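What follows is the residue order along each chain.
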Amino acid sequence: MLKKKLFRDLWHYKGQFFTIFLMVFIGMLAFSGIHGYMDGMDESAKEYYKEYNLQDLWITNTNVADSDLEKLKSMDHISDVNRALVLNAKLKGYKDVTLETNVLEENTISKMYVIKGEKYASNKKGLWFDSYLAEYLNIHVGDTLKLDVSGQTLKLKVKGLVNTPDHVYFVKDSTEIFPTHQNYGFIYMSADTFQDAMHVDVTYNKAYVDVDKKNNVSSVKKEIQKDFNFLSVTDRDNSFSYAGYQAEVEEGQTYAPVFTGLFLMIAILSVMSTMNRFVRQQRVQIGTLKALGFKNRKIYIHYIGFGFMISLIAAVLGVLVGYFTIGQFFIDMEASYFEMPNIHTTLLPIVIQTAVLVVALISLVTYLSSRKILKETASEALRLEVPKVKTNSLDWSVKFNKCKLSTRWNIRDIARNKGRSIAACVGIIGCTMLLVCSFGLWDTIESYMDWEYKIINTYQYKISLNSDYTKEQYDHLTHLYGDATSKSVAIEFKNKGKNETRSMLVLDGKDKLNITDHNEKVMSVQSNGIYLTEKLAEKYGIQVGEKVTWHLAGDSSWHTSKVIGLNRDPQTQQFTMSKKYFEKLGYTYRPDSIYTNKKQKK
């Protein structure tokens, strides 16, 4: 009998129950979808980095000699070391395509994930090509490519299309915000292949270090810096690829709980109001059931069944649909930026636990809604409900006695139903917050673009210079395009007993490249110290007026400079100094970039 009544009431009050279904469904849809792709990104990276052995430390030097290799391998807590020569090459036959060319001695660290073609082996002749760039350029396994490497042409066959864990996120230069996978990528080849094609011995300028345990990475890094005079030793946190991917994961983990938590809270509040109203409408039916001899326990189970059944179906469907639609949509979008071949959505226990919690809360709300009526006797429940009028609520409405009757009536109902009124207010506030946040995000992005490209970077074109240009070539370019220039260098500085690695911008950008203060106003760059961005200052606990001890990567001369200002930058977090101050320290300024608004000639 009660089962028939359950389905009959569900159909009779289908509008109210559909509202409950929809709110729970949308709430779990958002929660499952966002968690599905954010947790998926995190779990995919952990699996990829572990299985293909992402390096713990990167070493850069003009030459990592055989003696350095043997000494590194003999150090405590170092499991393995690989050497590589990394240099840029041009891909002939394609317009403006640059390839980061990796010449490997062996490949036991940051191993290749083969999408198509042959597995890498050091005795195989040919090259292994970036799968993302290959797809855009329509390059296939078996194609023969011509490379311009330091003025020499290499003709090599494509053996495989690959990805590697240290090339998950990378851009051509600082002018690109997101990777496009259209004009820049990577290739791998063996040292034997390179030597046979170039007729020279390989001089390795990189070494990749695998540390036995994560806890030992910091101590091993310090030991290497102490025992060797390498240009730089960096860990994963300072790797552009690793840090860029982790930043995206952390960003999602920051907003996901807020957004989905707010949505679920609104859903539960709406359900509470709807179930309260439904049970009140069932007052006479409850009285009739009691009069017929049904025990309170059976009636409780019957009414809890309404909330339980609707919320269970909605929660299960919300989890599944969110996981397979929203989660997959966002993971596919992320996969277009990040070269993570095994990227996939993940359904972690927290999603199932949340669904169970939502169903339990709604069942509890239904129970609490019916408990008050079930405490009454059958005769009391069969009578119309007499509202309990409190004196203070009447007095409160009397204060508005000059208002219309309808207004006073509404005020009286608000006073008598405080819980429902509060729930309605919280729900409206939550919905308004979601709307404001979404439009605010859109406005923030537009503001960011204006700040980045109308105030900081006011140039139209950037000319990137090779390191071996002559004075005549430089003079010719500045004559054509102006002398707004800059130079980016890697530095290592001391901070609270630790050596940190960052980039330094040596600026002579005139009005083409600027730095801005906290209020996004252009700052003049003085020549008596250094600047750093506000985020870096906050991260490292550095204040204006303090002194920073630093040196250029590869230079043993340490300098102590005063921090004379903080600048804000929405894109790049780095140190900045003027060209004059750089030259005061005894260095020769050789810019690596020219900024202009003139269209480049052939």
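Residues numbered from 1 in each chain as written. Predicted model: local features only at pLDDT ≥ 70, side-chain atom pairs only at ≥ 80, totals over all residues. Heavy atoms only, no water.

Draft legend 1. Molecular detail of the packing of aromatic side chains. Inspection of the entire model under this criterion finds 23 aromatic pairs. Aromatic pair Tyr48 and Tyr49: ring centres 6.4 Å apart, planes at 25 degrees, arrangement stacked. Each member of the pair, Tyr48 as well as Tyr49, carries the same accessibility label: buried. Ring centres of Phe170 and Phe186 lie 5.7 Å apart, and the angle between their planes is 65 degrees; this geometry places the pair in the edge-to-face category. Highlighted residues: Phe170 in the loop between strand E7 (152-163) and strand E8 (184-190) and Phe186 in strand E8, separated in sequence by 16 residues. (Phe/Tyr/Trp six-rings, centres within 6.5 Å; stacked < 30°, edge-to-face > 60°. Buried < 20%, exposed > 50% of the residue type's maximum accessible area, 1.4 Å probe, protein only. Helix = DSSP H or I, 4+ residues; strand = E, 2+ residues; numbered from the N terminus.)

Draft legend 2. Summary view of helix H7 (residues 240-281). Across its 42 residues, H7 extends 62 Å between first and last C-alpha, which sits within 8% of the 62 Å expected from 1.5 Å per residue. By the largest-angle criterion, Tyr255 marks the main kink of H7, which is about 30 degrees, and a proline, Pro257, follows within four residues. (Expected span 1.5 Å × (residues − 1). Bend = angle between axes of the 7 residues up to and from the residue.)

Draft legend 3. Structural view of helix H6 (residues 217-227). If you check which residues of H6 are buried, you get Val217, Val220, Lys221 and Ile224. Take H6 and look down its axis: the buried residues cluster within an arc of 100 degrees, on one side only. Of the surrounding elements, those touching the buried residues of H6 are strand E1 (57-60), helix H3 (66-73), strand E2 (78-91), strand E9 (206-211), strand E10 (232-235) and strand E13 (498-508). (Arc of directions from axis to C-beta. Contact = heavy atoms within 4.5 Å.)

Draft legend 4. Representation of the packing of H7 against helix H9 (residues 296-335). Put simply, H7 and H9 touch, their axes get as near as 13 Å, and they point 155 degrees apart. Taken together, the axes of H7 and H9 lie roughly antiparallel to each other. Classified by chirality, the crossing of H9 by H7 is right-handed. Between H7, through Glu248, Met275 and Phe278, and H9, the contact on the second element is made entirely by Tyr303, Phe306, Gly307 and Glu334. Split by residue class, the contact of H7 with H9 holds four nonpolar, one polar and two charged. (Axes fitted to C-alpha atoms, helices over the stretch in contact; angles between N-to-C directions. Parallel < 35°, antiparallel > 145°, perpendicular 65-115°, else oblique. Left-handed = near helix turned anticlockwise from the far one by under 90°. Nonpolar A, V, L, I, M, F, W, Y, C, P; charged D, E, K, R; others polar.)

Draft legend 5. Up close: the nonpolar core. By size, the foremost hydrophobic cluster in this structure holds 35 residues, and its most contacted members are Met41, Tyr49, Met112, Val168, Tyr245, Met340 and Ile343. Going through the elements one at a time, helix H2 (14-51), E2, E8, H7 and H9 are the ones with two or more residues in this core. Here the element with the most residues in this core is H2; it accounts for seven residues. Look past the residues within four positions of Tyr245 in its chain and what remains in contact with it is Met41, Ala45, Tyr49, Val168, Phe338, Met340 and Ile343. (Core = buried A, V, L, I, M, F, W, Y, C linked by side-chain atoms within 4.5 Å.)

Draft legend 6. Focus on unusual backbone geometry. With a phi angle near 50 degrees, Ser110 is a residue other than glycine that sits in the positive phi range. According to the relative accessible area criterion, Ser110 is buried, its value standing at 4%.

Draft legend 7. Just the packing of H2 against H7, in detail. Running from N to C, H2 and H7 cross one another at 160 degrees; their axes reach a closest spacing of 8 Å. In terms of orientation, H2 lies roughly antiparallel with respect to H7. For the pair H2 and H7, the sense of crossing is left-handed. Looking at side-chain class alone, the contact of H2 with H7 contains 27 nonpolar, nine polar and three charged residues.

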